[in-house]
Amino acid sequence: QSMNEVNVSKFAEAYKKRSEILTDMNKKINFDVLLMTGMKSKYVEDTEIIHKEMAPGLCSMIKVEDISEPLTETPDRVAEAILLFCQGIGLMPSVARKFSRQPSLISQDSGFGERSHR
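The sections below set out a description of the structure shown in this document. Since the model is a prediction, treat every value here as computed from it, not as a measurement.

**Quick look at the overall build of the protein**
Regarding its fold elements, the protein presents 5 helices and 3 strands. Across the protein, contacts joining residues at least 24 apart in sequence account for 72% of those joining residues at least 6 apart. For the protein, the accessible surface area stands at approximately 8,600 Å², while carbon and sulfur atoms represent 54% of it.

**Notes on the pairing of strand β2 (residues 59–64)**
The side chains of a regular strand alternate, first on one face of the sheet and then on the other. For β2, the tally of buried residues reaches 6 of 6 residues, placing the bulk of the element in the interior. Here β2 shows a buried face lined by Cys59, Met61 and Lys63 and a second buried face lined by Ser60, Ile62 and Val64. Across 6 bridges, strand β1 (residues 33–38) lies against β2 in parallel orientation. Counterpart to Leu35 in the pairing with β2 is Met61.

**What about the packing of aromatic side chains?**
Evaluated as defined, the whole model comprises 1 aromatic pair. Just above the ring of Tyr15 sits the side chain of Arg18; from NZ or CZ to the centre is 3.7 Å.

**Re the pattern of salt bridges**
One pass over the structure, following the stated rule, counts 3 salt bridges. Linking Asp24 and Lys27 is a salt bridge whose minimum nitrogen-to-oxygen distance equals 3.6 Å.

**Comments concerning the environment of Asp32**
The residue Asp32 is located in the loop between α2 (25–28) and β1 in this model. Residue classification places Asp32 among the partly exposed residues on the basis of a relative accessible area of 32%.

**Digging into helix α1 (residues 5–17)**
Spanning 13 residues, α1 covers 18 Å between terminal C-alpha atoms, matching the ideal 18 Å at 1.5 Å per step. The N-capping residue of α1, defined by a side-chain oxygen 2.9 Å from the backbone nitrogen of Val6, is Asn4.

**Some remarks on the side chain of Ser41**
Considering the arrangement of structural elements, one finds Ser41 in the loop between β1 and α3 (44–53). Here Tyr43 takes part through its backbone nitrogen, which lies 3.0 Å from a polar atom of the side chain of Ser41. Contacts of Ser41, omitting those with residues within four sequence positions, involve Ile67 and Ser68.

**Thoughts on the nonpolar core**
Of all hydrophobic cores here, the largest spans 7 residues; its members are Met25, Ile29, Val33, Leu35, Met54, Cys59 and Met61. Of all the secondary-structure elements, those providing two or more residues to this core are β1 and β2. Non-local contacts of Met25, meaning those with residues more than four positions away in its chain, are made with Ile50, Glu53 and Met54.

Thresholds applied
- Residues numbered from 1 in each chain as written.
- Predicted model: local features only at pLDDT ≥ 70, side-chain atom pairs only at ≥ 80, totals over all residues.
- Heavy atoms only, no water.
- Helix = DSSP H or I, 4+ residues; strand = E, 2+ residues; numbered from the N terminus.
- Contact = heavy atoms within 4.5 Å.
- Areas by Shrake-Rupley, 256 points an atom, 1.4 Å probe, with all protein chains shown as cover.
- Buried < 20%, exposed > 50% of the residue type's maximum accessible area, 1.4 Å probe, protein only.
- Pairing = 2+ DSSP bridges.
- Phe/Tyr/Trp six-rings, centres within 6.5 Å; stacked < 30°, edge-to-face > 60°.
- Lys NZ or Arg CZ within 6 Å of the ring centre and 35° of its normal.
- Salt bridge = Lys/Arg side-chain N within 4 Å of Asp/Glu carboxyl O.
- Expected span 1.5 Å × (residues − 1).
- Polar contact = N/O pair within 3.5 Å; in protein donor to acceptor, adjacent residues only side chain to side chain.
- Core = buried A, V, L, I, M, F, W, Y, C linked by side-chain atoms within 4.5 Å.

Laid out in structure tokens, this is it:
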């Protein structure tokens, strides 16, 4: 599946024009956040920095092993991780999830709703 090049270029332009958010992030975000990245992604370090800046208990991070882009490379695993995250914060408690028969490819940096202190 290919990406819409017009949307990608608009996103890239907006990304370039963005302001620094890390310094004000904890003042503005008071809800649970899920960060997800592939272990081979060039944005792993950026994702880890955001995770460290978030208030303890608000941010969970999942690193999917052996891939760069979880959403395009393993959408089923991403969907399952999002469902588990939502159920962990009390949303969608009755939605049944599909269990994978393959060994887990998801490496969870911290528990849902918990933060490891470094």
